[in-house]
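Read off the chains here:
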Amino acid sequence: KNRELSIMQRLVHPNVVRLINSFFTPVRNKPGELWLNVVMGFMPDTLFSLTRRVARAKQRLSWLEVKIYSFQLLCALWH
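Attention in this report is confined to the structure presented alongside it. No experiment lies behind these values; they were computed from the predicted model shown. (Residues numbered from 1 in each chain as written. Predicted model: local features only at pLDDT ≥ 70, side-chain atom pairs only at ≥ 80, totals over all residues. Heavy atoms only, no water.)

1. Examining the overall build of the protein
Step number 1: Within the protein, the secondary structure is distributed over three helices and two strands.
Step number 2: Beginning at the N terminus, the succession of helices and strands in the protein can be written as α-β-β-α-α.
Step number 3: Rg of the C-alpha trace for the protein: 17 Å, well past the compact-globule value of 12 Å for 79 residues, more than 25% over.
Step number 4: Referenced to the eigenvectors of the C-alpha coordinate spread, the extents of the protein come out at roughly 50 × 30 × 15 Å.
Step number 5: Taking all 79 residues of the protein together, the buried fraction comes to 15%.
Step number 6: If you take every contact in the protein between residues at least 6 apart in sequence, the share linking residues at least 24 apart comes to 25%.
Step number 7: Accessible surface, the protein as shown: approximately 7300 Å² in total, 61% of it carbon and sulfur. (Helix = DSSP H or I, 4+ residues; strand = E, 2+ residues; numbered from the N terminus. Rg over C-alpha atoms; globule rule 2.2 N^0.38 Å. Buried < 20%, exposed > 50% of the residue type's maximum accessible area, 1.4 Å probe, protein only. Contact = heavy atoms within 4.5 Å. Areas by Shrake-Rupley, 256 points an atom, 1.4 Å probe, with all protein chains shown as cover.)

Have a look at this one:
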């Protein structure tokens, strides 16, 4: 059993992208090996792409935005 998959199946938190489904597929040319495929909820943006877009525009996040994103990340990690 895949430990990461079992954690993702039990993890339910508003600040964590939800696992919808998972399935295994055989690896071509490698008999007996399987790939784990995960289907997760759609996230229209990531924190990485947001900060990259802001940096490229030579802007900064407001302190409120920094606080909100920090709070969400820490809540997800604490869970």
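2. Brief notes about the environment of Leu74
Step number 1: Within the element layout of this structure, Leu74 appears in helix α3 (residues 63-78).
Step number 2: The exposed category is assigned to Leu74, whose relative accessible area is 58%.
Step number 3: Residues Leu74 and Asn15 lie 59 residues apart in sequence; the distance between their C-alpha atoms is 9.3 Å.

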